[in-house]
Amino acid sequence: MKSINQYFATALAVCAVFLLFSCSTPVSPSPEPDAPAGGKLRLEFDNVVGDKNLVLGSVTYKNASNEDFVVTKFNYFISNVKLTKADGSIFVVPQDSSYFLVKEDTKTSQFVTLNNVPFADYTAAEFMVGVDSTRNTAPIEKRQGVLDPSGSMMDDGMYWAWNSGYIFVKLEGTSSKGNPVNGKFYYHIGLFGGYNERTVNNTRVVKMSFGQLKASVTESAVPEVHLLVDVLKVFDGPSTNISIAAYNSIMGGQPDKSQQIASNYVNMFSLDHIH
Amino acid sequence: MNRLIFLLTLSLICCSTAEQKAPLPVKTGPTPMTWTKPAGFPDPVYDLSRNPLTEEGVQLGKFLFYDGILSRTNLVGCGTCHQQAAAFTHHGHELSHGVDDRLGVRNSPAIQNMAWNTSFFWDGGVHDMDLVPFNPIENPVEMDQKVVNVLDKLRNTPSPTAKIPVNYPQMFKAAFGTDEINSERMMKALSQFMMTMISATSRYDYYRAGDANALTAQEKQGLVLFQKNCSSCHQGVLFTDHSFRNNGLLPMRNNDQGRFAITGKPGDVYKFKVPSLRNVGLTAPYMHDGRYHTLEEVLDHYTDSVQKTPTLDTLLIQSSGTPGIALSGTEKQSLIAFLKTLSDEQFIRDSKFADPGIGTAF
C-alpha cells in the first residue's frame, strides 16, 4: 500500500506540474498605464512652397537667393513621435511603430496615423526628422518596412549602402542654376552621428505646440493635426540661405554643408489647423 | 483513498490531453551547423545568435555569392571580383570592373575571416556584415542593381533562361522555413556563407600550433623582422588591428581620400583600412588602388617612397624624422619569405567555398 501511495504521490506531483503549466494562463504584465486600448491620431504632412502648394515637376518656385527651381522629388523620414497631453504627461509612440517615410509623390504616405493613442486631449507633438542613431546601427531584422535598406519598388531608396545609414531628407529638382550637365540639383541629407567615431549628426527634433488648439482623441474622434511643410525652408534658414548656384549637390560628402541644411529643415514644419 | 483515485483519474485526463497536444514528429527545419573558432583566434565580432548557421543557409549563401542574378546584367556575381584561387580577390586587376566593364576606384579586398571584421571596405563605411552586400550590388560600377530588384528576380526563379536554373524559393524555404524572400533573409544567408570562409591553415598556423619545422630558417628570420617592423598595425593572428591609417601613398589622379569620405574628419584624409596580410602572397596587386604588383614593390614603398603628408601614420616616421621603415635587401627577402607562409592552400582549394556551378567569373 505504501508503494501505491508513493505512486499516487508521484502522479499527483506530475499532475500538479501539468496543471500549472497547461491550464494556467500566463501571468500577464500589469497593463501599461500609457497604452490602454486607445484611439487614433493623424498627423498630416502637407508639403508646400511658401504660400503655394507643392506640385512636383511642373511649377516653378523661387528661393530667397532669387533662384528659380522645380521640385521633382521630396521625401523625408519622421520618427520618434511623442504627444503631450493637456495634463503635461507624455505619450510616447512605441519605438517599433514610430518610423514613417513621407513622400510627395505618394499621397497616403503624407497621412501618418498613430494607433493605440490613449484617450486624452493633446496639446503638443514632438518628432524627429530622420532616423535615430540606434536604429541606424540596428541589426537587419530591426529594419523592416520603410526602414528596409532595399527600399521598395516605388521609390529610389533612402539608404546609403556605401556609408551605411539612412537619408533623412531627399530634395531633388531642376533649376536654371542647376548643375551644368543636366540642370538638376540634389540634396540628400543623412548622417546620424557615426557608428564608433563621432561624425556630423543631422537628425533634428521638432517640437510643435498646438497653441490654443487641442487634439482630442476619443472613442469616436480621430483628430487630424494638419502640418504644413515648407520646401523653401530647406533652402532658406535663419542663419544660412542655400544657393543652388553655389551648391547643386549636397550629400554625405559635404557634412558641414549638410549640417546647415539640417538646421534649416528643422524649421520647415508649422501647424495649420486641427480637425 | 477515493480522493486519491479521483486525483489520479484527473491526472490521467490531464496527461492524455497534454499528450494529444504534443507535436507529432515532423521533418525538422534546417540542419544546424556548428561554427568553430580556430585555435588562438579571438572571439568573432559577428553575432551568430542572431543568425545561427545551418547547412541550408550556408548553401543558399554560397549560391547567392556566385550568382550573377545579383547584378543588373545577370552576369556579375560576388565571385566575379572575389575569386577563390586568389583568396577571394580579383587577381591581376588593379581596379575591378563591374557591369559593362565599368571600372571601380579601389582594389577588391580579400573575403576571408570576415567574422572578425569590425568594419568593412577600405574606408570602413559599413559596420555590419549583413549590410555589406547592399554596397557592391547598388554601386553603379559594380553590380548596378537595386536589392529590391534582386529580390524580385529571386522570387521569379527558376528562370528558364538562366544558364543553370536555380529554384531560390525552394532554397529559401529549406534555409528559413518558408519560401518568403526578403532582404533580411538574403543578407543573412550571404553572411552565413561568409562566416564559414575562414583562413587559418597556412604554414604559419602550423608553426603557431607548435610545428617548429613548418617554417624555414629564412622564414623564421622574416617572422622576427615582421614582428619588429610590421606587427604594430598588422597585428595578431588576423594580421590587422582593423584601424585606418595613412601609409604614405602619393594620391592618384582621383585623389581618393579614403576614410575621410565616411567621417568627414580632416585627420582621416588619405587613411585606409589596414588589411589583413593572410594570403597576401596570393592577392596581388596591392594597396587600396592596386598600384603595386609585387610584394617587392610594396616593401620598396615602405623603405623608399613613403610620403610625408599631415596625416601620415606616426609609426611610419623614424626617430631621425625620415619617413618609412629601414630594411636591407636581405631583410626584405626574408620578410617576403615569411609573408608567403601566410598563404593558405587549403582555404583556396576547399570545395566548400567553390562555385557550385552557377558562377560567371571572368
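Residues numbered from 1 in each chain as written. Chains lettered and ligands numbered in written order. Predicted model: local features only at pLDDT ≥ 70, side-chain atom pairs only at ≥ 80, totals over all residues. Heavy atoms only, no water.

Undergrad: Help me understand the overall build of chain B in this model?
TA: For chain B, the helix and strand inventory stands at 13 helices and 2 strands. Its C-alpha atoms give chain B principal-axis dimensions of roughly 100 × 55 × 40 Å. Long-range pairs, those at least 24 residues apart, make up 67% of the contacts in chain B with a sequence separation of at least 6. Summed over its atoms, the accessible surface of chain B is roughly 16,600 Å², and 57% of this surface lies on carbon and sulfur atoms. (Helix = DSSP H or I, 4+ residues; strand = E, 2+ residues; numbered from the N terminus. Contact = heavy atoms within 4.5 Å. Areas by Shrake-Rupley, 256 points an atom, 1.4 Å probe, with all protein chains shown as cover.)

Undergrad: Would you take a moment to explain the UniProt feature "domain: Cytochrome c" (unreviewed entry) in chain B for this structure?
TA: Listed under "domain: Cytochrome c" (unreviewed entry) in the UniProt record, and renumbered for this structure, are residues 217-343 of chain B. Helix makes up 31% of residues 217-343 of chain B and strand makes up 3%, while its end C-alpha atoms are separated by 18 Å. (UniProt positions renumbered as here; feature names shortened; annotations may be inferred.)

Undergrad: Can you help me understand the pairing of strand 4 (residues 68-85) of chain A in this one?
TA: For a regular strand, side-chain orientation follows a simple rule: the groups alternate between the two sheet faces. Residue and element names in this part refer to chain A. Here strand 4 lies mainly inside the structure; 14 of its 18 residues are buried. The pairing of strand 3 (residues 61-62) with strand 4 spans 2 bridges and is classified as antiparallel. The residue of strand 4 that forms the bridge with Lys 62 is Asp 68. Following strand 3, the chain reverses through 5 residues before pairing antiparallel with strand 4; Asn 66 in that reversal takes a positive phi of roughly 60 degrees. Pairing geometry for strand 4 and strand 10 (residues 165-174), over 6 bridges, is antiparallel. From the neighbouring strand, Val 71 faces strand 10, where its bridge partner is Gly 173. (Buried < 20%, exposed > 50% of the residue type's maximum accessible area, 1.4 Å probe, protein only. Pairing = 2+ DSSP bridges.)

Undergrad: I would appreciate a short explanation of the side chain of Asn163(A) in the present structure.
TA: Locating Asn163(A) in the fold gives a position in the loop between strand 9 (159-160) and strand 10. If we ignore the near neighbours within four places in the chain, the residues touching Asn163(A) are Leu191(A), Gly125(B), Ala261(B) and Ile262(B).

Undergrad: So what exactly am I meant to see when it comes to the packing of aromatic side chains here?
TA: Residues and elements named next belong to chain B. Summed over the entire model, instances satisfying the criterion amount to 29 aromatic pairs over all chains. Each ring, one from Trp 35 and one from Trp 116, has its centre 5.6 Å from the other, and the planes form 45 degrees; the classification is tilted. Highlighted residues: Trp 35 in the loop between helix 1 (2-21) and helix 2 (55-66) and Trp 116 in the loop between helix 3 (78-81) and helix 4 (134-138), separated in sequence by 81 residues. Across the pair, exposure class does not vary: Trp 35 and Trp 116 are buried alike. Summarising the aromatic geometry, the rings of Phe 65 and Phe 193 are spaced 5.4 Å apart at their centres and angled 65 degrees between planes, so their arrangement reads as edge-to-face. (Phe/Tyr/Trp six-rings, centres within 6.5 Å; stacked < 30°, edge-to-face > 60°.)

Undergrad: Where do I start with unusual backbone geometry in this structure?
TA: What is expected of a backbone is that most residues other than glycine have negative phi and most peptide bonds are trans. Between Thr157(B) and Pro158(B) the backbone carries a cis peptide bond, its omega angle lying at 0 degrees. Tracing the backbone shows Pro158(B) in the loop between helix 5 (147-155) and helix 6 (168-176). Pro285(B) follows Ala284(B) through a cis peptide bond whose omega is 0 degrees. Structurally, Pro285(B) can be placed in the loop between strand 2 (272-273) and helix 11 (295-305). At Asn80(A), a residue that is not glycine, the phi angle is positive and equals roughly 50 degrees. Within the element layout of this structure, Asn80(A) appears in strand 4. Positioned with a positive phi, Asn113(B) is a non-glycine residue whose angle comes to about 50 degrees.

Undergrad: Whenever I open this one, the environment of Ser97(A) confuses me. Can you help?
TA: Residues and elements named next belong to chain A. Mapped onto the elements of the fold, Ser 97 is located in the loop between strand 5 (90-92) and strand 6 (99-103). Residue Ser 97 is classed as partly exposed on the basis of its relative accessible area, which comes to 45%. In sequence terms Ser 97 and Asn 115 are 18 residues apart; their C-alpha atoms lie 8.7 Å from each other.

Undergrad: Can you walk me through helix 7 (residues 183-196) of chain B in this structure?
TA: Since there are 3.6 residues in each turn of an α-helix, residues three or four apart along the chain are aligned in direction. Residue and element names in this part refer to chain B. Helix length check: helix 7 (14 residues) gives 20 Å between terminal C-alpha atoms against 20 Å at 1.5 Å per residue, within 8%. Counting buried positions along helix 7 gives 14 out of 14 residues, so the element sits mostly inside the fold. The opening residue of helix 7 is Asn 182, an N-cap whose side-chain oxygen sits 3.3 Å from the backbone nitrogen of Glu 184. (Expected span 1.5 Å × (residues − 1). Polar contact = N/O pair within 3.5 Å; in protein donor to acceptor, adjacent residues only side chain to side chain.)

Undergrad: What should I look at first to understand the nonpolar core in this one?
TA: Core analysis: the biggest nonpolar cluster contains 124 residues, and Phe45(A), Phe74(A), Phe269(A), Tyr168(B) and Met186(B) have the highest contact counts within it. For this core, the element with the highest residue contribution is strand 4 of chain A, accounting for 8 residues. Not counting the four nearest positions on each side in its chain, Met186(B) is found in contact with Leu64(B), Leu70(B), Ile137(B), Val147(B), Val150(B), Leu151(B), Leu154(B) and Phe172(B). Among the nonpolar cores identified, the runner-up in size contains 28 residues, and Phe226(B), Ala284(B), Val306(B) and Ile325(B) belong to it. (Core = buried A, V, L, I, M, F, W, Y, C linked by side-chain atoms within 4.5 Å.)

Undergrad: Help me understand the confidence of the model for chain A in this model?
TA: Caution is warranted with low-pLDDT regions, since their predicted coordinates should not be read in detail. Chain-level statistics for chain A give a pLDDT mean of 88 and a share of 85% at 70 or above. Confidence over residues 11-29 of chain A falls short of pLDDT 50; this stretch has 14 contacts with residues more than four positions distant or in other chains. (pLDDT = per-residue confidence, 0-100.)

Undergrad: Before we go on, may I ask you to explain empty space enclosed by the protein in this structure?
TA: Unfilled space is identified by rolling a water-sized probe across the atoms. Tallying each qualifying case throughout the model produces 2 cavities of 30 Å³ or more. For the largest cavity, the calculated volume is near 100 Å³. Along the walls of the largest cavity sit 14 residues, with Pro251(B), Asp256(B), Phe272(B), His288(B) and Arg291(B) positioned nearest its centre. By residue class, the composition of the lining of the largest cavity is 7 nonpolar, 4 polar and 3 charged. Empty space within the second largest cavity amounts to approximately 40 Å³. If you go around the second largest cavity, the residues you meet are Gly252(A), Gly253(A), Pro255(A), Phe260(B), Ala261(B) and Gly264(B). Considering only residue class, the lining of the second largest cavity consists of 3 nonpolar, 3 polar and no charged. (1 Å grid on protein atoms, 1.4 Å probe; cavity = no way out; pocket = protein on both sides within 12 Å on 5 of 7 lines; lining within 4 Å. Points joined across faces, edges and corners; volume = space filled by probe spheres on them. Nonpolar A, V, L, I, M, F, W, Y, C, P; charged D, E, K, R; others polar.)

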